[in-house]
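Read off the chains here:
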Amino acid sequence: IAESNMMSFAAGLSTCGTTVFASTFAVFAAGRAYDQVRNSIAYANCNVKIGATHGGVLIGADGGSHQCVEDIALMRAIPGMCVLCPADAQETFACVEAAIRRPGPVYLRFGRFATPAVYEENDCAFAIGKGAVLRDGTDVTIIAAGEMVYQAVLAGAALQKLGVSAAVI
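If you're wondering where the values come from, they're calculated on a predicted model, not measured in any experiment.

Engineer: I'd like to hear about the environment of Val168, residue by residue, with values.
Structural biologist: Tracing the backbone through its elements, the reader meets Val168 in strand β6 (residues 166-168). Judged by relative accessible area, which is 1%, Val168 ranks as buried. Val168 has contacts with Ala132, Val133, Leu134, Arg135, Ile142, Ala152, Val153 and Gly156, leaving out every residue within four places of it along the chain.

Engineer: Go over a nonpolar patch on the surface with me, naming the residues and quoting the values.
Structural biologist: A surface patch of nonpolar side chains, amounting to about 280 Å² of accessible area, comprises Val133, Ile143 and Ile169. Inspection of the secondary structure assignment puts Ile143 in the loop between β5 (140-142) and α6 (148-161). Overall, Ile143 belongs to the exposed group, its relative accessible area being 66%.

Engineer: Now, about helix α3 (residues 34-42): what can you tell me, with residues and values included?
Structural biologist: Val37, Ile41 and Ala42 are the residues of α3 that are buried. End-on, the buried residues of α3 take up no more than an arc of 70°, which puts them together on one face. Those residues of α3 hidden inside the fold are in contact with α1 (3-14), α2 (26-32), β2 (48-53) and α4 (71-76).

Engineer: For the side chain of Ser165, give the residues involved together with the corresponding values.
Structural biologist: Of note, Ser165 is situated in the loop between α6 and β6. Within the local environment of Ser165, its side chain forms a polar contact with the backbone nitrogen of Thr138, the two atoms lying 2.9 Å apart. With residues near it in sequence (within four places) discarded, Ser165 still touches Asp136, Gly137, Thr138, Asp139, Val140 and Gln160.

Engineer: Before we move on, can you summarise the state of the cysteines with the specific residues and values?
Structural biologist: Within the structure shown, the criterion is met by 0 disulfides. Between Cys16, a free cysteine, and Cys46, which holds the nearest cysteine sulfur, the sulfur-to-sulfur gap is 10 Å. Here Cys16 falls in the exposed class, since its relative accessible area comes to 64%. The structure places no disulfide on Cys82, whose sulfur is separated from the nearest cysteine sulfur, that of Cys95, by 8.5 Å. Classification of Cys82 as buried rests on a relative accessible area of 6%.

Engineer: Give me the nonpolar core: which residues, what numbers.
Structural biologist: One finds Met7, Val37, Ile41, Ile50, Met75, Met81 and Tyr107 to be the most contacted residues of the largest nonpolar core, which totals 24 residues. The set of elements that each furnish at least two residues to this core consists of α1, β1 (20-25), α2, α3 and β2. It is α2 that contributes the most residues to this core, 5 residues altogether. Discounting chain neighbours no more than four positions away, the residues touching Met81 are Val37, Ala42, Ile50, Met75, Arg76, Pro105, Val106 and Tyr107.

Engineer: How would you explain unusual backbone geometry if you had to name every residue and give the values?
Structural biologist: Phi is positive for Asn45, close to 55°, though the residue is something other than glycine. Along the chain, the position of Asn45 falls in the loop between α3 and β2. Despite not being glycine, His54 has its phi angle at roughly 60°, a positive value. Topologically, His54 is positioned in the loop between β2 and α4. Among the residues examined, His54 registers a relative accessible area of 13% and is labelled buried.

Cut-off values and rules
Residues numbered from 1 in each chain as written. Predicted model: local features only at pLDDT ≥ 70, side-chain atom pairs only at ≥ 80, totals over all residues. Heavy atoms only, no water. Helix = DSSP H or I, 4+ residues; strand = E, 2+ residues; numbered from the N terminus. Buried < 20%, exposed > 50% of the residue type's maximum accessible area, 1.4 Å probe, protein only. Contact = heavy atoms within 4.5 Å. Patch = residues over 30% accessible without salt bridge, like charges linked within 9 Å, V, L, I, M, F, W, Y side chains within 5 Å. Areas by Shrake-Rupley, 256 points an atom, 1.4 Å probe, with all protein chains shown as cover. Salt bridge = Lys/Arg side-chain N within 4 Å of Asp/Glu carboxyl O. Arc of directions from axis to C-beta. Polar contact = N/O pair within 3.5 Å; in protein donor to acceptor, adjacent residues only side chain to side chain. Disulfide = S-S within 2.5 Å. Core = buried A, V, L, I, M, F, W, Y, C linked by side-chain atoms within 4.5 Å.

See below:
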């Protein structure tokens, strides 16, 4: 297991003028390699894109040692780090393209399993720093990220059946 070395190597490789992608489980990218991500990548503003897979707790049989919910908090706390957490395949494509266009460090947080589509094909108006309103509502607002967005949409629909107007962002 050499995630720390991978992040240091990615930082060094990026100084040659290329965009570098480094990928591992979220628990190892944000946990085990935190010092290298913080000091070698983000502090130096290296053009490294970290593809962190298996984020959250829905990772199957790997268990608690491979689950990670604190990765978003850790990465958001690093100055200069951009965190992207796509909801489905369409938004994943848009996030990867945005990460490539954005100079500097980016943390892309993915789940493990295929998620149901939230967006229609070619209908994802993704922009870094902007939330997408998926459902308008006047009584409550549900805000979600990543694979929980689909669940939020389902919750909004269920609330509507109960007479509660729920916005979903």
